[in-house]
Amino acid sequence: MNIRSSQAHFPKRIGFISTRFHGTDGVTLEAAKWASILQVEGANCFWMAGLLDKPEAVSHLDPTAFFNHPSTVDVQGYLFGRTTRPREITDRIHDIKEELKSSIYRFIERFNLELLIPQNILAIPMHVPLGLAMTEVIAETGIPAIAHHHDFTWERERFTVTSGADYLAAAFPPTLPSLVHVVINTMQQKELARRYGQASTIIPNVIDFESPPPGIDDYSRDFRREIGLSEDDVLVLQPTRLVPRKGIEHAIELLRRLKEPRLKLVLSHPGGDEGDAYAKLLHERIADAGIQALFIADRIGELRGLNADGKKVYTLFDIYPHADLVTYPSYYEGFGNAFLEAVYFGKPVVVNTYAVYARDIDPLGFKTIEMSMLVTNEVVEKTREILHNRALREEWAAINFDLGVKFFSYSVARRKLAGRIARLFGEA
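Residue positions within a chain follow its written sequence, with the count starting from 1. Per-residue local features are limited, in this predicted model, to residues with pLDDT of at least 70; the limit for side-chain atom pairs, both in listing and counting, is 80 or more; totals at the level of whole chains, interfaces and linings are taken over all residues. Where side-chain values are given, they derive from all heavy atoms of the structure, hydrogens and water being excluded.

(A) Inspection of the overall build of the protein chain at higher detail. Think of it this way: any DSSP run of H or I at least four residues long counts as a helix, any run of E at least two long counts as a strand, and we number them from the N terminus. Of regular secondary structure, the protein chain possesses 15 helices and 17 strands. Note on method: radius of gyration uses C-alpha positions; expected globular size equals 2.2 Å times residues raised to 0.38. For 428 residues, the compact-globule estimate of 2.2 N^0.38 gives 22 Å, and the C-alpha radius of gyration of the protein chain, at 22 Å, lies within 12% of that figure. With the principal axes as the frame, the protein chain shows a C-alpha extent of 60 × 50 × 45 Å. A simple rule labels every residue: compare its accessible area, found with a 1.4 Å probe on the protein chains alone, to the largest value its type can have, and call it buried under 20%, exposed over 50%, or partly exposed in between. The buried share of the protein chain, taken over its 428 residues, is 57%. In the protein chain, the proportion of contacts linking residues at least 24 apart, taken out of those at least 6 apart, comes to 75%. A contact between two residues is defined here by any heavy atoms of the two lying within 4.5 Å.

Here it is, written out as structure tokens:
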């Protein structure tokens, strides 16, 4: 479906705003996919964040917008884990908010923007001053906006106790006449309606299933050798950040119980914004299990190139063709980018039946090795079978790819974005 054909006016200059558009986190990846879809429709996309890897000609960098900026880290520390905040912190929050408001106005004016797409900054309070600034700019200008929500406050335990309930009520998310809401799963849609009385559209995470997945080329052919694996090793890919909710200890336990020396666990991402305690725990579990694991975050990037040590950097899409199995034992996911990537590349997946998977993905009929918080004998034996049965792997891959095309392709996002833009700009 062509978006432009259903619009009286299709916005040509669209601005994406977040704390960062950099690397391979889920928000960055999904924003890039939306931009690709919109650019095919003739839009020019522009970017504002505190950490950016976009071309300077189409981007507006403001370091204060990054959630790890020192001024942000300082005030955020007073907003969660306590129920009151000092007056000077309130003043500081408003000072940062005003700086960011001015910066957003400059972004809009510099690129003559017609539509804003705040990415997750009006959902999860990682950067409260930025959410407040974004809300006030939309309220003051009436500029059309599509808030793309990936994670909400109520989905993270660390935001339960707060001295910023007034800010959360005002901006996470806000209620504004020129703002429409997009969520990524049915649970979010229902909770947003129940808690705030706000309607929303579900646009799940997507992949360009209409285009065939890239294979191994001359650049990526040496990936195994570069990270220290042989061609005979069985590469088990854990393609997530090293944070507790990813349940990576289950992947370690699975390899321990499979008792196959050729199995090598490859962890592709660094830690997140939750400290390094979990990464240390994983190293301890790996040592106790007696398995081989490779932490290769320094070799993975959004683009090919060289790292600080002069070694080759590969993309995630360079790695997947080399993988024999993908582990995805998350306790919680907003949706599941890594699951879709595994399906796209035809790889078997061991997946924990986290709530969104159980409700939104599993009923569609995907063929996976499912676990429910435990690595049982059945999970171990099914994994062993899929690793040794090529015909079964190929059968699963074909079924899963067809389902991906039907439910999680760019065409799905394109149709649903058309509806949101029509809501803001009017039907033809």
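(B) Layout of the packing of helix 8 (residues 248–258) against helix 13 (residues 377–388). Throughout, an axis means a line fitted to C-alpha atoms (over the contacting stretch in the case of helices), and angles, computed between N-to-C directions, take values from 0 to 180 degrees. Closest axis-to-axis distance for the helix 8/helix 13 pair is 10 Å, and the angle between their directions is 70°. As summarised for this structure, helix 8 and helix 13 are arranged roughly perpendicular, according to the angle between their axes. Of the residues in helix 13, those in contact with Leu254, Arg257 and Leu258 of helix 8 are Asn377, Val379, Val380, Thr383 and Arg384. An angle below 35 degrees is treated as roughly parallel, one above 145 as roughly antiparallel, one from 65 to 115 as roughly perpendicular, and anything else as oblique.

(C) Helix 15 (residues 410–425), seen in detail. Expected helix span is given by 1.5 Å per residue-to-residue step, counting one fewer step than there are residues. Under the 1.5 Å per step criterion, the end-to-end length of helix 15 is 22 Å for 16 residues, consistent within 8% with the ideal 22 Å. Elements that come into contact with the buried residues of helix 15 comprise helix 1 (26–40), strand 6 (115–118), strand 7 (145–148), strand 8 (179–183), strand 9 (201–202) and helix 14 (390–407). Immediately beyond the C-terminal end of helix 15, within one or two residues, lies Gly426, with a positive phi of roughly 95°.

(D) Structural view of the sheet that holds strand 10 (residues 234–238). Strands are labelled as partners when DSSP assigns at least two bridges between them. Taken in spatial order, the six strands make up an open sheet running 12-11-10-15-16-17, and their pairing is parallel. Because the sheet does not close on itself, it has two edges, and the strands there are strand 12 (292–295) and strand 17 (369–371). Taken over all neighbouring pairs, the strand axes of this sheet differ in orientation by 20° on average, direction set aside. The pairing of strand 10 with strand 15 (residues 325–328) spans two bridges and is classified as parallel. Note that in strand 15 the partner of Leu237 across the bridge is Val326. Packing against the sheet, helix 8 makes contact with strand 10, strand 11 (263–267), strand 15, strand 16 (349–352) and strand 17, and its axis sits at approximately 170° to strand 11.

(E) Fine view of the environment of Glu333. With respect to the helices and strands, Glu333 occurs in the loop between strand 15 and helix 11 (337–344). Overall, Glu333 belongs to the buried group, its relative accessible area being 6%. As for Glu333 and Ala355, which are separated by 22 residues in sequence, their C-alpha atoms are 7.9 Å apart. Once residues lying within four places of it in the same chain are set aside, the contact partners of Glu333 are Arg245, Lys246, Tyr328, Tyr354 and Val356. Here a polar contact is taken to be a pair of N or O atoms separated by no more than 3.5 Å, where protein atoms must pair a possible hydrogen donor with a possible acceptor and residues adjacent in sequence count only if both atoms sit in side chains. Looking at Glu333, its side chain comes within polar contact range of the side chain of Tyr328, at 3.5 Å.

(F) Seen up close, unusual backbone geometry. Each neighbour pair has its own omega, and for Phe172 with Pro173 the value is 0°, a cis peptide bond. Mapped onto the secondary structure, Pro173 falls in the loop between helix 5 (165–171) and strand 8. Here the phi dihedral of Lys259 falls at roughly 50°; this positive angle occurs in a residue that is not glycine. Given the relative accessible area of 65%, Lys259 is considered exposed.

(G) Summary view of the packing of aromatic side chains. Ring pairs shown here join Phe, Tyr and Trp side chains whose ring centres sit within 6.5 Å, with only the six-membered ring taken for Trp; geometry is labelled stacked below 30 degrees between planes, edge-to-face above 60, and tilted in between. Taken as a whole and judged by the stated rule, the model has 24 aromatic pairs. Centre to centre, the rings of Phe21 and Trp47 are 4.9 Å apart; their planes meet at 75°, and the pair counts as edge-to-face. On the criterion of sequence distance, the pair formed by Phe21 in strand 2 (residues 20–21) and Trp47 in strand 3 (residues 44–49) is long-range, its members being 26 residues apart. Residue classification places Phe21 among the buried residues on the basis of a relative accessible area of 0%. Summarising the aromatic geometry, the rings of Phe80 and Phe159 are spaced 4.8 Å apart at their centres and angled 65° between planes, so their arrangement reads as edge-to-face. With Phe80 in the loop between helix 2 (70–79) and helix 3 (87–111) and Phe159 in the loop between strand 7 and helix 5, this residue pair connects regions lying 79 residues apart in the sequence. The burial state of Phe80 is the same as that of Phe159; both residues are buried. Taken together, the ring pairs in this structure connect Tyr328, Phe335, Phe339, Tyr354, Tyr357, Phe366, Phe407 and Phe408 into an aromatic cluster. Any Lys NZ or Arg CZ that is within 6 Å of a ring centre and within 35 degrees of that ring's normal is treated as a charge sitting over the ring. Stacked on the ring of Trp47, the Lys or Arg Lys54 has its end atom at 4.4 Å from the ring centre. The ring of Tyr219 carries the charged tip of Lys312 above its face, separated from the ring centre by 4.1 Å.

(H) Main features of a negative patch on the surface. Patch members must show over 30% relative accessible area and no salt bridge, and they are joined within 9 Å when carrying like charges or within 5 Å when they are nonpolar side chains of Val, Leu, Ile, Met, Phe, Trp or Tyr. In these tables, accessible area is a Shrake-Rupley quantity obtained with a 1.4 Å probe, and a residue counts as shielded only by the protein chains included in the view. Within this document, salt bridges are pairs made up of a side-chain nitrogen of Lys or Arg and a carboxyl oxygen of Asp or Glu, the two lying within 4 Å of each other. Neither His nor the chain ends contribute to the count of charged residues, in which Lys and Arg are positive and Asp and Glu negative. Where a charge lies is defined by one atom per residue type, namely NZ (Lys), CZ (Arg), CG (Asp) and CD (Glu). Together, Glu88, Asp91, Asp95 and Glu99 make up a region of like negative charge exposed at the surface. Of note, Asp95 is situated in helix 3. For Asp95, a relative accessible area of 49% translates into the label partly exposed.

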